[in-house]
Amino acid sequence: MVTQQSWTRDQVRRVLSVTERHLRCWEQQGLIPQQDRYGLGDLIALRALNSLREKKVPVARVRRSFQSLRERLQHIANPFTELKIFLDGKRIGVHLGGQKMDSLSGQLLLDFDAAALEKLRPFSRPEGRTIDDRRKRLADAEQCFERGLAIEQTGGPIAEAIDHYEKAIALNPQAAGAHVNLGTIRFHQRRWAQAEDHYRKAIEADPEYALAQFNLANLYDERGDRLRALTHYHAALRLNPQYADVYYNLALLHQASGDALQAVQYWSTYLKLDPHSQWSIVARRELAKLKQATVIPGARSLSQHA
């Protein structure tokens, strides 16, 4: 009998030289499931992700590549496990049957036979626009998005980041990542209507984008719209049941509304998923306060009346 080998999170972090923050980021982007132990297939996917990270490929581009591959190659459960990933300049590509394909645009980097072309199911040709033109627009949109992201990450002028994100959307209205980042900028500017519009457009472009649902929930939470916040937090959980930050915010939301029992459950779940981050300190403190307020006084009251 062969025993299947597996690795703990600590072992994976040591082997790949990654932090818990990296694992959580990949989990929140839906690139890997959140779990305590990883099998061989998981480790292969993590090695691919870590290789892209070391080459400074933005995680947002990795997520879009992953989603594009999932849509094109529906017979493949996890492209990062089952396909060999390579980087051609800034372009993420995959090997398939001895051939190569660009993960985002579907551009064929080498000739495919008829059977392989059928498997790839490339984008249909938009009326009045050549396939090459569409590919160029998508590539230009991606470049604009990455420029905006780089400006944000380096603390550059926010107006320049906004300009690049808006150019990305003009080139590709389905640029979910640009919509989310613009929404977050508008959120911090407290321009609620614009933030909501961008988050909703991101969800329309990518219905499986858990981060967009999470951010929209945060917006409603900030504005005191508890019902809508709950709706979108739970939508994010349906897309990613291991989304630790959702449980954290749900715990805060229920605690603030006086629902101590539900808050305890969400704090407990959060700590199971994310026991080592700086936020876990807050979670343990709040959980202890709730337990002290709801459990211990009740126990004393019963003993006094016995």
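Scroll up to find the structure this text is about.
My aim in this report is to walk through the structure given alongside it, one point at a time. (Residues numbered from 1 in each chain as written. Predicted model: local features only at pLDDT ≥ 70, side-chain atom pairs only at ≥ 80, totals over all residues. Heavy atoms only, no water.)

**Some remarks on the environment of leucine 216**
Going by this rule: The helix and strand labels rest on DSSP assignments: H or I over at least four residues marks a helix, E over at least two residues marks a strand, and numbering proceeds from the N terminus. Partly exposed residues are those whose accessible area sits between 20% and 50% of the maximum for their type, while under 20% is buried and over 50% is exposed, using a 1.4 Å probe and protein chains only. Between two residues, a contact is recorded if the distance between any of their heavy atoms is within 4.5 Å.
Turning to its location among the elements, leucine 216 is positioned in helix α11 (residues 210-222). Judged by relative accessible area, leucine 216 falls into the buried class, the value being 0%. Remark: the alpha-carbon pair of leucine 216 and phenylalanine 187, spanning 29 residues in sequence, is separated by 9.6 Å. For leucine 216, the residues in contact, after removing those within four places along its chain, are Glu196, Tyr199, Arg200, Ile203 and His232.

**A few points about the nonpolar core**
The cut-off we apply is this: To qualify as a nonpolar core, a set must consist of buried Ala, Val, Leu, Ile, Met, Phe, Trp, Tyr and Cys residues joined through side-chain atoms within 4.5 Å.
With 41 residues, the main nonpolar core has Leu219, Tyr233, Tyr243, Val246, Leu250, Trp267 and Tyr270 as its most contacted residues. If you tally residues by element for this core, the top one is helix α14 (residues 260-273), at eight residues. In this structure tyrosine 270 touches Ala244, Asp245, Tyr247, Tyr248, Ser277, Trp279, Ser280 and Ala283, once residues within four positions along its chain are discounted. Of all hydrophobic cores here, the second largest spans 26 residues; its members include Leu46, Val62, Phe66 and Val94.

**Digging into helix α9 (residues 176-188)**
Heads up, the condition is: In this analysis, the expected span of each helix is defined as 1.5 Å times one less than the number of residues it contains.
Given a rise of 1.5 Å per residue, 13 residues ought to cover 18 Å, and the 19 Å separating the end C-alpha atoms of α9 matches this to within 8%. Extensive coverage of α9 is indicated by the burial of eleven of its 13 residues. The complete set of buried residues in α9 reads Ala176, Gly177, Ala178, His179, Val180, Asn181, Leu182, Gly183, Ile185, Arg186 and Phe187. Positive phi shows up at arginine 190, right after α9, with a value of about 60°.

**With respect to empty space enclosed by the protein**
One way to see where empty space is left: roll a probe the size of a water molecule over the atoms. This is how it is decided: Both cavities and pockets are sets of points on a 1 Å grid over the protein atoms alone; in a cavity a 1.4 Å probe fits but cannot get out, in a pocket the set is open with protein on both sides within 12 Å along at least five of seven lines, and lining residues sit with an atom within 4 Å of a point. Grid points are joined across faces, edges and corners, and a volume is the space filled by probe spheres set on the points. The classification used treats Ala, Val, Leu, Ile, Met, Phe, Trp, Tyr, Cys and Pro as nonpolar, Asp, Glu, Lys and Arg as charged, and all other residues, Gly among them, as polar.
Per the counting criterion, the structure on display carries one cavity of 30 Å³ or more. In this structure, the largest cavity encloses a volume near 30 Å³. When its residues are assigned to classes, the lining of the largest cavity shows two nonpolar, three polar and two charged.

**Here we look at the side chain of histidine 164**
Take histidine 164: it is sitting in helix α8 (residues 158-171). Here histidine 164 falls in the buried class, since its relative accessible area comes to 15%. For histidine 164, the residues in contact, after removing those within four places along its chain, are Cys144, Phe145, Arg147, Gly148 and Ile151.

**Describing the pattern of salt bridges**
Filter applied, for reference: Each salt bridge in this description consists of a side-chain nitrogen of Lys or Arg and a carboxyl oxygen of Asp or Glu lying within 4 Å of one another.
All chains considered together, the criterion is met by 16 salt bridges. Note that arginine 24 and aspartate 245 form a salt bridge whose closest N and O atoms lie 2.5 Å from each other. Here aspartate 245 lies in helix α13 (residues 244-256) and arginine 24 lies in helix α2 (residues 20-28), a separation of 221 residues in the sequence. Just as arginine 24 is buried, aspartate 245 falls in that class too. Where arginine 223 meets glutamate 196, a salt bridge forms, and the shortest distance between an N and an O atom there is 3.7 Å. In this pair, arginine 223 is assigned in the loop between α11 and α12 (226-239) and glutamate 196 in helix α10 (residues 192-205), connecting sequence segments 27 residues apart. Here the salt bridges do not stand alone but share partners, grouping Arg9, Glu20 and Glu27 into one network.

**Comments concerning unusual backbone geometry**
Phi angles above zero are rare outside glycine, and arginine 190 is one such case at about 60°. By the element assignment, arginine 190 lies in the loop between α9 and α10.

**Looking at the packing of aromatic side chains**
Note the cut-off: Think of it this way: a Phe, Tyr or Trp ring, Trp meaning its six-membered ring, pairs with another when their centres are within 6.5 Å, and the plane angle makes it stacked under 30 degrees, edge-to-face over 60, tilted otherwise. Note on criteria: charge over ring means Lys NZ or Arg CZ within 6 Å of the ring centre, with the direction from the centre no more than 35 degrees off the ring normal.
Inspection of every chain in the model, using the stated rule, returns eight aromatic pairs. A ring pair is formed by tyrosine 248 and tryptophan 279, whose centres lie 6.0 Å apart and whose planes are at 70°; its orientation type is edge-to-face. Of the two residues, tyrosine 248 sits in helix α13 while tryptophan 279 sits in helix α15 (residues 278-294), which places them 31 residues apart along the sequence. Tryptophan 279 sits in the partly exposed class, given a relative accessible area of 43%. Through successive ring pairs, a cluster of aromatic residues spans Tyr248, Trp267, Tyr270 and Trp279. One residue, arginine 63, lies across the ring of tyrosine 209, its end atom 3.5 Å from the ring centre. When the ring centre of phenylalanine 145 is taken as reference, the NZ or CZ atom of arginine 64 above it lies at 4.2 Å.

**Some thoughts on the packing of α11 against α13**
The cut-off we apply is this: Throughout, an axis means a line fitted to C-alpha atoms (over the contacting stretch in the case of helices), and angles, computed between N-to-C directions, take values from 0 to 180 degrees. Angles are sorted into four bins: roughly parallel if under 35 degrees, roughly antiparallel if over 145, roughly perpendicular if 65 to 115, and oblique for all others. Helix crossings fall into two classes, left-handed where the near helix is turned counterclockwise from the far one by less than a right angle and right-handed where it is turned clockwise.
One way to put it is that α11 packs onto α13 with a least axis distance of 11 Å and a crossing angle of 15°. By the angle between their axes, α11 is roughly parallel relative to α13. In the crossing of α11 with α13, the sense of the turn from one axis to the other is left-handed. Residue-level contacts link Phe214, Asn218 and Asp221 of α11 to Asp245, Val246, Asn249 and Leu253 of α13.

These figures come from the coordinates and say nothing about function on their own.
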